[in-house]
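Each chain, letter by letter, is given below.
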Amino acid sequence: MPRILCAWSPSWAIANWRRRKTAARPEAPSTAFRGPPPPLTRGRSEAPDSRSSPASAGEVSPRTGATEGAVSPLALVETVRQIRRLVAVSPEAARLGLFPGQKATDGRALVPELELADAEPDADAAALTALVDWCVRFSPAVAADPPDGLFLDIEGADHLWGGEAAMLADFRARLAANGLVFRLAVADTPGAAWALARFGPDGVIAPPGGQAALLAPLPPAALRLDPEAAAQIERLGLRRLGQVMDIPRAPFGRRFGAAALTRLDQALGRAPEALRFRRPPTPWAARLALVEPISAPDDMARVAGDVTAKLCARLEAEDHGARRFEIAFHRVDGKSPTLAVGLSRAGRDAGRIARLFQPKLETVDPGFGVEAVSIWAYEVEALGARQSRLDAGVEARDSLAPLVDRLANRLGPERVWRAAPVESHVPERSVSRRPPLADEMVEAFPWDPEAPRPVRLFRRPEPLEDVTALLPDDPPIQFRWRGRLHRVRRAEGPERIGAEWWTQDIEDVSTGHVRDYYRVEDAGGARFWLFRAGLYGEAPPKWWLHGLFG
């Protein structure tokens, strides 16, 4: 059963605005992070004290999660239909009676010392994305819940902290150390975690299968309904979700629509709900937490090999292999640079995979140190043990796989391929690119050995100049290509290739698409594949070079 952690910040826009302004001050310390918010720093496992966290300067409100301190009231404004309205208010402004949606002029009249600033929704969204990337140290499956929340699928990851409660405490401490106050909740479903984070006790952990009892005292708005629908449900006297659960489903669905029933079923786990994770979710992951931050290249290579061996041991134990691996180095400043390598065939050889990561480690900036390393495996498939042949060792594909993997990871997978035949008379259409070690074969007739094709076929034919040829079907005697004159010593042809008239309208068929190909050899021994376009008598012939034999 999945376990979902929901994190919600009641003052996300305000907190990010203050963090951006603090980082923009000339006296503020410079950081390597270049994203919208200042970098997330390495927090302590215990709750931060007043000396290490700005969030601890005052008491934390149990409902809003806001800090109480001697800070001037702040509100962010946005122009809506030519009227400037408050879209976010700080806890200090909320205590003075201000609320989102209020006119800016009314707010300034009620609180003359109110500080107004323009809202920056794009910067807040970018900050939320940066926070999602930072959260991969807690779970590989993290999804944003715009505009001020996120979900983490912590199934199978909480044991690394000693349980869900310890994981929540570390997560909260790290966020608070960066001036971010979040309300947290854990439940079996995203809907239940969302409701408990916003309307339930802060830090509540619903036992597996026990979220219904915790949802019962919450208001209908906890179902993520439209405000009008939630208000209408309350006007009918249904002020708690427990009352909604007790009434018959059919009348409730007819009155409030299928969307209300779907939200209720999603919260209780009766209906599925898909989350859009930042990275593809995978259960194949491993993590190493370091006692002290590291930055030396040798240390980075060693921990990369260790975490790779940890994941590959699990793959081998369950008879699986993967084609793609991604590793993340979690720095103390919150950034997590990643590296990715791919395999041509599914594998789980830790040493081989670590050697593929080795050349790319020099591109990773460790900053002030790396405190944890995570690795994920993608495109995982069953991979049983294979016994090599007694007479010839390993198969040819297995022996070529390490070479193909090194080339593909260094040059790029799109630059390593093999040619496969395609049933087409047109030379540029008679070949396709296939993965070097693909198991599946293209169903097509092989190339005709009586009509050999060049080793190198140009993507586009190149024009020839100063071509001298007898008429009508003799090969050229000489031609000029790329400024150099070639005198033909031997020639073979012509091989006439016409357009595939059956693939187009008959009106588009023309003799101008007919080609007469020749295989020629110049005085220096170079061999060329060239053709004459069109037929004699209709237009002056044009000569083109289409490939090289050697």
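Residue indices begin from 1 for each chain and proceed along its sequence in written order. Residues qualify for local features only when their pLDDT is at least 70, as the model is predicted, and side-chain atom pairs are given and counted only at 80 or more; totals for whole chains, interfaces and linings, by contrast, use all residues. Hydrogens and waters are ignored; side-chain quantities use all the structure's heavy atoms.

**Some details on the overall build of the protein**
When helices and strands are tallied, the protein shows 14 helices and 21 strands. Out of the 550 residues belonging to the protein, those deemed buried represent 43%. Sequence-distant contacts, at least 24 apart, represent 58% of the contacts inside the protein between residues at least 6 apart. Values of accessible area rely on a 1.4 Å probe in the Shrake-Rupley scheme; residue burial ignores everything except the protein chains shown. With an accessible surface of roughly 29400 Å², the protein has 54% of that area assigned to carbon and sulfur atoms. Only DSSP runs of H or I covering at least 4 residues are called helices, and only runs of E covering at least 2 are called strands; the numbering of each starts at the N terminus. We call a residue buried when its accessible area falls under 20% of the maximum for its residue type, exposed when it is over 50%, and partly exposed in between, using a 1.4 Å probe and counting protein chains only. Any two residues having at least one pair of non-hydrogen atoms within 4.5 Å are treated as being in contact.

**A look at the packing of aromatic side chains**
Ring geometry is summarised as follows: Phe, Tyr and Trp rings, the Trp one being its six-membered ring, pair when their centres sit within 6.5 Å, and such pairs are stacked at plane angles under 30 degrees, edge-to-face over 60 and tilted between the two. By the definition in use, this model includes 13 aromatic pairs. Their ring planes at 25 degrees and their centres at 6.2 Å tell us that Trp134 and Phe171 sit as a pair that is stacked. One end of the pair, Trp134, is in helix α4 (residues 121-134); the other, Phe171, is in helix α5 (residues 164-176), and 37 residues separate them in sequence. For Trp134, a relative accessible area of 1% gives the class buried. Between Trp481 and Phe528 the ring centres are 6.1 Å apart and the planes differ by 75 degrees, which places this aromatic pair in the edge-to-face class.

**Things to note about a nonpolar patch on the surface**
A surface patch of nonpolar side chains, about 330 Å² in accessible area, is lined by Leu400, Leu403, Leu407 and Leu411. Relative to the helices and strands, Leu411 resides in helix α14 (residues 396-411). Taking relative accessible area as the criterion, Leu411 reaches 44% and is therefore assigned partly exposed. Patch membership needs two things, relative accessible area over 30% and no salt bridge, and members are linked within 9 Å if like-charged or within 5 Å if nonpolar (Val, Leu, Ile, Met, Phe, Trp, Tyr). We count a salt bridge whenever a side-chain nitrogen from Lys or Arg sits within 4 Å of a carboxyl oxygen from Asp or Glu.

**Some points on helix α12 (residues 297-317)**
Here a helix's expected span is defined as the number of its residues, less one, multiplied by 1.5 Å. The end-to-end C-alpha distance of α12, which contains 21 residues, comes to 30 Å, matching closely the 30 Å that a straight helix rising 1.5 Å per residue would cover. Along α12, the residues that are buried comprise Met300, Val303, Ala304, Val307, Thr308, Leu311, Cys312 and Leu315. Take α12 and look down its axis: the buried residues cluster within an arc of 165 degrees, on one side only. Residues of α12 that are exposed and point more than 90 degrees away from the buried face comprise Asp298 and Ala317. In this structure, the buried side of α12 is in contact with β9 (285-294), β10 (320-331), α13 (350-357) and β12 (370-382). Once α12 finishes, Asp319 follows within two positions and takes phi at roughly 55 degrees, a positive value. The directions from the helix axis to the C-beta atoms form the arc being described.

**Some thoughts on the sheet that holds strand β5 (residues 142-145)**
Two strands form a pair only when DSSP identifies at least two bridges running between them. The five strands are arranged β5-β6-β1-β7-β8 in an open sheet whose pairing can be described as mixed. Each edge of the open sheet is held by one strand with a lone partner, namely β5 and β8 (204-205). Alignment of strand β1 (residues 4-8) against strand β6 (residues 149-153), held across five bridges, turns out to be antiparallel. Its bridge partner lying in β6, Ala7 is registered against Leu150. Each of β1, β5, β6, β7 (183-187) and β8 is contacted by helix α6 (residues 190-199), which is oriented at about 150 degrees to β7, the strand it contacts most. Lines are fitted to the C-alpha atoms to define the axes, a helix being fitted only along its stretch in contact, and any angle between axes, read from their N-to-C directions, falls within 0 to 180 degrees.

**What to know about the packing of helix α8 (residues 227-235) against helix α10 (residues 249-256)**
Axes are the key here: two packed helices are described by the angle between their axes and the distance separating the axes. Interhelical geometry of α8 versus α10 gives an angle of 130 degrees and a closest axis separation of 11 Å. On the basis of their axis angle, the class for α8 and α10 is oblique. Helix-helix and strand crossings are classified by hand; for α8 and α10 the assignment is right-handed. On α10, the residues that touch Ala229, Gln232 and Ile233 of α8 are Phe252, Arg255 and Phe256. With respect to orientation, any angle under 35 degrees is reported as roughly parallel, any angle over 145 as roughly antiparallel, any angle of 65 to 115 as roughly perpendicular, and every other angle as oblique. Take the far helix as the reference: if the near one is turned anticlockwise from it by less than a right angle, the crossing is left-handed, and if turned clockwise, right-handed.

**Description of the sheet that holds strand β16 (residues 465-469)**
Taken in spatial order, the seven strands of this open sheet run β15-β21-β20-β19-β18-β17-β16, and their pairing is antiparallel. Strands with a single pairing partner mark the edges of an open sheet, and in this sheet they are β15 (456-463) and β16. Adjacent strand axes in the sheet meet at a mean angle of 30 degrees, parallel and antiparallel pairs treated alike. Bridge analysis of β16 against strand β17 (residues 476-481) gives three bridges, and the strand direction is antiparallel. Pairing of Thr468 across the sheet is with Gln478, part of β17.

**Description of the pairing of strand β20 (residues 527-533)**
Within a regular strand, the side chains alternate between the two sheet faces. Counted residue by residue, β20 has five buried out of seven residues, so it is predominantly covered. Note: strand β19 (residues 515-522) against β20, seven bridges, orientation antiparallel. When the sheet's bridge partners are listed, Glu521 is paired in β20 with Arg527. Here β19 folds back onto β20, and the loop between the two strands holds four residues, one of which, Gly525, carries a positive phi near 95 degrees. Across six bridges, the pairing between β20 and strand β21 (residues 542-548) is antiparallel. Each residue of the ladder has a partner; that of Phe528, found in β21, is Leu548.

This is a description of form; function is not addressed.
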